[in-house]
Amino acid sequence: MEALLPVLIKTLFIILVGVAAFAPVITWVERKQSAVMQDRIGANRADIAGITVLGLLHPVADVIKLLTKEDVVPTGANRALHLMAPLIASIPVIASFGVIPYGGTYHFGDTTVNLVVADLDWGVLYIFAIASIATYGTVIAGWASNNNWSLLGSLRASAQMISYEVTMGLSIVGLFMCFQTLRLTDMGVAQDSTFRVFGFLEHFGFVESLGWLSHLTLPSWGILLQPLAFVLFLTCVMAENKRPPFDLPEGESEIIAGYFLEYSGMRFGLFYMSEFIEVVVIGALMTALFLGGWTIPWLSQADIIGGVTPIFGVGVATGLCMVLHVVAFFVKVIIMIWLQMQIRWTLPRPRYDQVMDLCWKVMLPLSLANILVTGLVILLIQGAKA
Amino acid sequence: MSAPAVFFYAFGAAAVISALAMVLNVRNTVAAAMSLVVTMISLAVVYVVLDAHLVAALQIMVYAGAIVVVFLFVVMLLNLRHDAFAQRRERLVKGAGVVLALGAAFAFLNLVPKSLPTVQQIPADFGSYAAVGRALYRDFVLPFEISSLLLLAAIVGAVVLAKRRLS
């Protein structure tokens, strides 16, 4: 109980940054990027006394519009479940921020600052578990609306989300094997180092012939150790999020808007916002798993603190390191969000059977092969070292 | 009462109440299935309080996240109504259910606690994925592989039976 205040502050920070700051701005980024890619001027009409701030007032206009619209429950709908569904869809998404570390562990004298809300030993499993609950939001929304288009959308959503959850779990087993942990903070620490690209060759007797190549180092980030897992996992989480190109549960040209067809006002807004919040969660999760989390490449925490301490002392050095790490984390999150936006506005929507084929016939075998090859390589390296 | 104990009793009660809601809610099968989800999640919280973290994650991922979604899928497609169930048998079934529930409650409150072995010392990593993984893949690897073969056979059998009905 004595540690309740720091936990509350950390929770507030991540919710404010992720939900209140990032998500609304992403709705603007989405509009602007679609405008750029379709050769339009884009969101620039919302203004206060003629000042448009590059269209950044559009999120504000959105919120005012959604809050003042009538909240309609269709006749024949199951009222309680209809009202509950947007909450079931959005709460798990926000809850998954709880285990994502946005900084490392820092020692200020006797106090230790750990920049994660809940440092769970089973952190990745927690995210998988929480994410699987969000399926109910979409399924119940479609059923409780008493509309056949909605029901079709929710059936598509449930099949798609369950299928991609299987591959999502299997695709990063290789990553767990590399880092030997499921704790997201330990993964960050493991990525705060470098590895020599051709170092493994020394175990096979190629010490002298490498020359300068033997000094070539890369940060030991997940994306460099498990490039296939990065692609597979990103595809799976994007399919889980149901945004284009995986927006078949919404499928505007076929089933109008799918599972949230009968929603209006702020309840529609919750579905809409939870997709954007999930974009931030995906960015943060991909950063923590594959892009080295809060770490700065080729510059470990010990290097930063060790380098700054002689000038400003240990306290300032640690504080500076903490600030640099948090900034590095959010820069990487922004890069991952940009990547998702780029994919969203580049690829068209595939047919439903193509989505299912991609999951079960391409990505599932690939992720199983990835586990096998990773295990073999780890055994080979261990054998060569021994 | 300590914080874990509060969580234990609160979510234990939630599990029982939502399980009752599932059984008694014949009018709306989708709401009954959602009550089952609440039961599963409450049980997962109870597992977390008991330090069985891996079981808690699997409880939500497998039961709440996958199996009940498939239940819901079927229930939504069939769109069952209250009159889809036979009225006459209901009273008999309810009576038998009450007797069975009382018997189970008696067994759990009286017989089970006496027959449980007393644990001297709980290992430090009890319930973690590492401990469960060691038990599954090192100590009991043969039974584990045999049960996975059985499951594979069951899956193949189900596919064969379903395909035959289609053609």
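Residues numbered from 1 in each chain as written. Chains lettered and ligands numbered in written order. Predicted model: local features only at pLDDT ≥ 70, side-chain atom pairs only at ≥ 80, totals over all residues. Heavy atoms only, no water.

1. Some details on the layout of surface pockets
Step number 1: In this structure, the largest pocket encloses a volume near 1,900 Å³.
Step number 2: Around the largest pocket, the lining comprises 31 residues; the ones closest to its centre are Leu125(A), Leu170(A), Val173(A), Leu58(B) and Tyr137(B).
Step number 3: Of all elements in the fold, only helix H4 (123-144), helix H5 (148-171), helix H6 (173-179) and helix H14 (352-385) of chain A together with helix H3 (53-78) and helix H5 (129-139) of chain B reach the threshold of two or more residues within the lining of the largest pocket.
Step number 4: A per-element tally of the lining of the largest pocket places H5(B) first, with 8 residues.
Step number 5: For the lining of the largest pocket, the two domains that each supply at least three residues are domain 1 (1-85) and domain 2 (124-167) of chain B. (1 Å grid on protein atoms, 1.4 Å probe; cavity = no way out; pocket = protein on both sides within 12 Å on 5 of 7 lines; lining within 4 Å. Points joined across faces, edges and corners; volume = space filled by probe spheres on them. Helix = DSSP H or I, 4+ residues; strand = E, 2+ residues; numbered from the N terminus. Domains from an automatic or database assignment.)

2. Concerning the domain arrangement of chain B
Residue and element names in this part refer to chain B.
Step number 1: Here the domain parsing of chain B yields domain 1 (1-85) and domain 2 (124-167).
Step number 2: For domain 1 versus domain 2, the distance between C-alpha centres works out to 23 Å.
Step number 3: Each partner contributes residues to the interface: domain 1 has 5 residues there, and domain 2 has 5 residues.
Step number 4: Surface buried jointly by domain 1 and domain 2 totals about 320 Å² across both partners, of which 69% is contributed by carbon and sulfur atoms.
Step number 5: For the interface between domain 1 and domain 2, the tally reads 0 residue pairs in polar contact (both at pLDDT 80 or more).
Step number 6: Class assignment for the residues of the side of domain 1 that touches domain 2 results in 3 nonpolar, 1 polar and 1 charged. (Contact = heavy atoms within 4.5 Å. Buried area = accessible area lost by both parts, 1.4 Å probe. Polar contact = N/O pair within 3.5 Å; in protein donor to acceptor, adjacent residues only side chain to side chain. Nonpolar A, V, L, I, M, F, W, Y, C, P; charged D, E, K, R; others polar.)

3. As for the pairing of strand S1 (residues 105-108) of chain A
Residue and element names in this part refer to chain A.
Step number 1: In this sheet, strand S2 (residues 111-114) lies alongside S1 in antiparallel orientation, the contact comprising 4 bridges. Counted as the bridge partner of His107 is Thr112 from S2.
Step number 2: Once S1 ends, the chain turns through 2 residues before running back antiparallel as S2, passing Gly109 with a positive phi of about 60 degrees. (Pairing = 2+ DSSP bridges.)

4. Considering a nonpolar patch on the surface
Residues and elements named next belong to chain B.
Step number 1: Together, Phe106, Phe108, Leu109, Leu111, Val112 and Leu116 line one region of the surface with nonpolar side chains, adding up to about 650 Å² of accessible area.
Step number 2: By secondary structure assignment, the location of Leu116 is in the loop between helix H4 (90-115) and H5.
Step number 3: Take Leu116: its relative accessible area is 54%, and that puts it in the exposed class. (Patch = residues over 30% accessible without salt bridge, like charges linked within 9 Å, V, L, I, M, F, W, Y side chains within 5 Å. Areas by Shrake-Rupley, 256 points an atom, 1.4 Å probe, with all protein chains shown as cover. Salt bridge = Lys/Arg side-chain N within 4 Å of Asp/Glu carboxyl O. Buried < 20%, exposed > 50% of the residue type's maximum accessible area, 1.4 Å probe, protein only.)

5. Some details on the interface of chain A and chain B
Step number 1: Taken together, the contacts link 25 residues of chain A with 27 residues of chain B.
Step number 2: Summed over both sides, the interface of chain A with chain B buries roughly 2,100 Å², with 79% coming from carbon and sulfur.
Step number 3: Of all residues in chain A, Trp122(A), Tyr136(A) and Trp143(A) bury the most surface against chain B, accounting for 31% of the area lost on that side.
Step number 4: Along the contact surface separating chain A from chain B lie 0 salt bridges.
Step number 5: Along the contact surface separating chain A from chain B lie 4 residue pairs in polar contact (both at pLDDT 80 or more).
Step number 6: Of all the secondary-structure elements, those providing two or more residues to the side of chain A that touches chain B are helix H3 (79-95), H4 and H5 of chain A.

6. Regarding the confidence of the model for chain A
Low pLDDT means the predicted atomic positions in that stretch should not be read closely.
Step number 1: Per-chain confidence: chain A averages 84 in pLDDT, with 97% of residues scoring 70 or above.
Step number 2: Across chain A, the element-wise mean pLDDT spans from 76 in helix H10 (residues 252-255) of chain A up to 90 in helix H9 (residues 227-241) of chain A. (pLDDT = per-residue confidence, 0-100.)

7. Remarks on the environment of Phe7(B)
Residue and element names in this part refer to chain B.
Step number 1: Turning to its location among the elements, Phe7 is positioned in helix H1 (residues 3-24).
Step number 2: Exposure remark for Phe7: the relative accessible area of 46% places this residue in the partly exposed category.
Step number 3: Spatially, the C-alpha atom of Phe7 lies 32 Å from that of Phe73, the residues being 66 residues apart in sequence.
Step number 4: Those residues within four positions of Phe7 in sequence are excluded, and the remaining contacts are Gly12 and Val49.

8. Examining the packing of H4(A) against H5(A)
All names here are of chain A.
Step number 1: Closest axis-to-axis distance for the H4/H5 pair is 7 Å, and the angle between their directions is 165 degrees. Our classification of the angle between H4 and H5 gives roughly antiparallel. Regarding H4 and H5, the two cross each other, and that crossing is left-handed. Contact with H4, carried on its side by Phe128, Ala131, Ser132, Ala134, Thr135, Thr138, Val139, Gly142 and Trp143, involves Ser150, Leu151, Ser154, Ala157, Ser158, Met161, Glu165, Met168 and Gly169 of H5 and no other residues of that element.
Step number 2: Broken down by class, the residue content of the contact of H4 with H5 amounts to 9 nonpolar, 8 polar and 1 charged. (Axes fitted to C-alpha atoms, helices over the stretch in contact; angles between N-to-C directions. Parallel < 35°, antiparallel > 145°, perpendicular 65-115°, else oblique. Left-handed = near helix turned anticlockwise from the far one by under 90°.)

9. Quick look at the environment of Arg31(A)
Residues and elements named next belong to chain A.
Step number 1: Structurally, Arg31 can be placed in helix H1 (residues 4-37).
Step number 2: Given a relative accessible area of 24%, Arg31 falls into the partly exposed group.
Step number 3: Measuring from C-alpha to C-alpha, the distance between Arg31 and Ser163 comes to 30 Å, with 132 residues separating the pair along the chain.
Step number 4: Excluding its chain neighbours within four sequence positions, the residues that come into contact with Arg31 are Ala43, His58, Asp62 and Tyr272.

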